[in-house]
Amino acid sequence: MVGGIVLRECLASKEIAKVTSITRRSSGVVHDKLQEIIHSDFTDFSAIKQHFQSQDIAYFCIGVYTGQVANDVFKRITVDFTQAFAATLKEHSPQATFCFLSGEGADPQEKSRVAFARFKGMAENFLIQQDFEQLYIFRPAYIYPVEKREEPNWSYRLMRQLYPLVKNLYSKGVITSEQLGLAMFKAGMEGAPEVILNNVAIKLTVSPGE
């Protein structure tokens, strides 16, 4: 939903010469700039570590919806995948800018009873400890998917229907996938005013007057 938009912008940018995409299955995207690496184990990147060398920017958009998987699987995807990727990148491209898709409510104390908040907090804390030269953590609220898709559960189906109303009543609580993807891309290329960007700051990155 978001990573595809970031990939599109990277491939379209005249400032970017090469894009390496590490994914679990083929995206179907073909482009002269794109090198797509299919990799199955996102807790161990040692077999493809050469692809982490000489990278300038990393966009990490992997995630899973709350309630879709058991807590242990949720933690593995949210925390373990992030830690393994970030550690490998830090080792082979320590100068790289890291842009991480987190979420509103992430708990830096790692004590929340809500698994999403607790595990996102763990992932964020690990990234901060890596001391990347530039790190940007994005904490969007509800993300409205611009492109049609199969919604993961009934609550997301409901929110999609309610989005026009919520946008008018509480615009700070929603963001489109397009706004988020563009903001992440722009932060990686140009930087951002702060490390942790909430929904309002993310939207201001692409729409200064909003």
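Look a little higher up for the structure.
Read on for a plain summary of the structure.

### A few points about the packing of helix α5 (residues 177–190) against helix α6 (residues 199–206)
Move 1: For the pair α5 and α6, the least separation of the axes is 8 Å and the interaxial angle reads 75°. Judged by the angle between their axes, α5 and α6 are roughly perpendicular. Judged by residue contacts, Q179, L180, L182, A183 and K186 of α5 engage I202, K203, T205 and V206 from α6.
Move 2: Across the contact of α5 with α6, the residue classes break down as five nonpolar, two polar and two charged.

### Some thoughts on the environment of R118
Move 1: If you trace the backbone, R118 turns up in helix α3 (residues 115–129).
Move 2: Between the alpha carbons of R118 and G105 there is a distance of 8.8 Å; along the sequence they are 13 residues apart.
Move 3: In this structure, R118 is in contact with N71, D107, E110, K111, S112 and R113, ignoring residues within four places of it in sequence.
Move 4: There is a polar contact of 2.7 Å between the side chain of R118 and the backbone oxygen of S112.

### What about unusual backbone geometry?
Move 1: Positive phi outside glycine occurs at S54, with the angle close to 60°.
Move 2: Take S54: it is sitting in the loop between β2 (34–38) and β3 (57–60).
Move 3: Under the relative-accessibility criterion, S54 is labelled exposed at 64%.
Move 4: Positive phi, close to 60°, is recorded for E110, a residue that is not glycine.
Move 5: The topology assignment puts E110 in the loop between β4 (97–101) and α3.
Move 6: Look at E110 and you get partly exposed, because its relative accessible area is 32%.

### A look at the state of the cysteines
Move 1: Enumeration according to the criterion identifies zero disulfides in this entry.
Move 2: Not part of a disulfide, C61 finds its nearest cysteine sulfur in C99, a span of 8.6 Å.
Move 3: Using a relative accessible area of 23% as the deciding quantity, one classes C61 as partly exposed.

### What about α5?
Move 1: Its 14 residues give α5 an end-to-end C-alpha distance of 20 Å, which sits within 8% of 20 Å, the value for a rise of 1.5 Å per residue.
Move 2: Phi for G191, located one or two positions after α5, is positive at around 90°.

### Things to note about the pairing of strand β1 (residues 19–23)
Move 1: Burial runs high along β1: four of the five residues are buried.
Move 2: Bridging between β1 and β2 involves five bridges; their strand directions are parallel. Residue pairing in the sheet places I22 in a bridge with I37 of β2.

### Here we look at the pairing of β4
Move 1: In terms of residue burial, β4 counts as a mostly covered element, since five of its five residues are buried.
Move 2: Taking every second residue as pointing to the same face, both faces of β4 are buried, with T97, C99 and L101 on one and F98 and F100 on the other.
Move 3: Two strands pair when backbone bridges link them, and β3 and β4 are joined in this way by four bridges, in the parallel orientation. Opposite A58, over in β4, you have F98 as the bridge partner.
Move 4: Read from β3 through helix α2 (residues 71–92) to β4, the crossover connection turns out right-handed.
Move 5: By the bridge criterion, five bridges tie β4 to strand β5 (residues 134–139) in an arrangement that is parallel. In the sheet register, F100 faces β5, and the bridge partner there is I137.

### Structural notes on the packing of aromatic side chains
Move 1: By the definition in use, this model includes twelve aromatic pairs.
Move 2: Between the aromatic rings of F74 and F116, the centroid separation amounts to 6.4 Å while the plane-to-plane angle is 65°, which identifies the pairing as edge-to-face. One end of the pair, F74, is in helix α2; the other, F116, is in helix α3, with 42 residues separating them in the sequence.
Move 3: Joined through ring pairs, the aromatic side chains of F42, F45, F52, F60, F81, F85, F98, F100 and F132 make up one cluster.
Move 4: Over the ring of F42 we find R24, and its NZ or CZ is 5.6 Å from the ring centre.
Move 5: The ring of F132 is capped by K90, whose NZ or CZ atom sits 5.4 Å from the centre of that ring.

Reading the values: the criteria
- Residues numbered from 1 in each chain as written.
- Predicted model: local features only at pLDDT ≥ 70, side-chain atom pairs only at ≥ 80, totals over all residues.
- Heavy atoms only, no water.
- Axes fitted to C-alpha atoms, helices over the stretch in contact; angles between N-to-C directions.
- Helix = DSSP H or I, 4+ residues; strand = E, 2+ residues; numbered from the N terminus.
- Parallel < 35°, antiparallel > 145°, perpendicular 65-115°, else oblique.
- Contact = heavy atoms within 4.5 Å.
- Nonpolar A, V, L, I, M, F, W, Y, C, P; charged D, E, K, R; others polar.
- Polar contact = N/O pair within 3.5 Å; in protein donor to acceptor, adjacent residues only side chain to side chain.
- Buried < 20%, exposed > 50% of the residue type's maximum accessible area, 1.4 Å probe, protein only.
- Disulfide = S-S within 2.5 Å.
- Expected span 1.5 Å × (residues − 1).
- Pairing = 2+ DSSP bridges.
- Right-handed = clockwise from strand over helix to strand, strands pointing away.
- Phe/Tyr/Trp six-rings, centres within 6.5 Å; stacked < 30°, edge-to-face > 60°.
- Lys NZ or Arg CZ within 6 Å of the ring centre and 35° of its normal.

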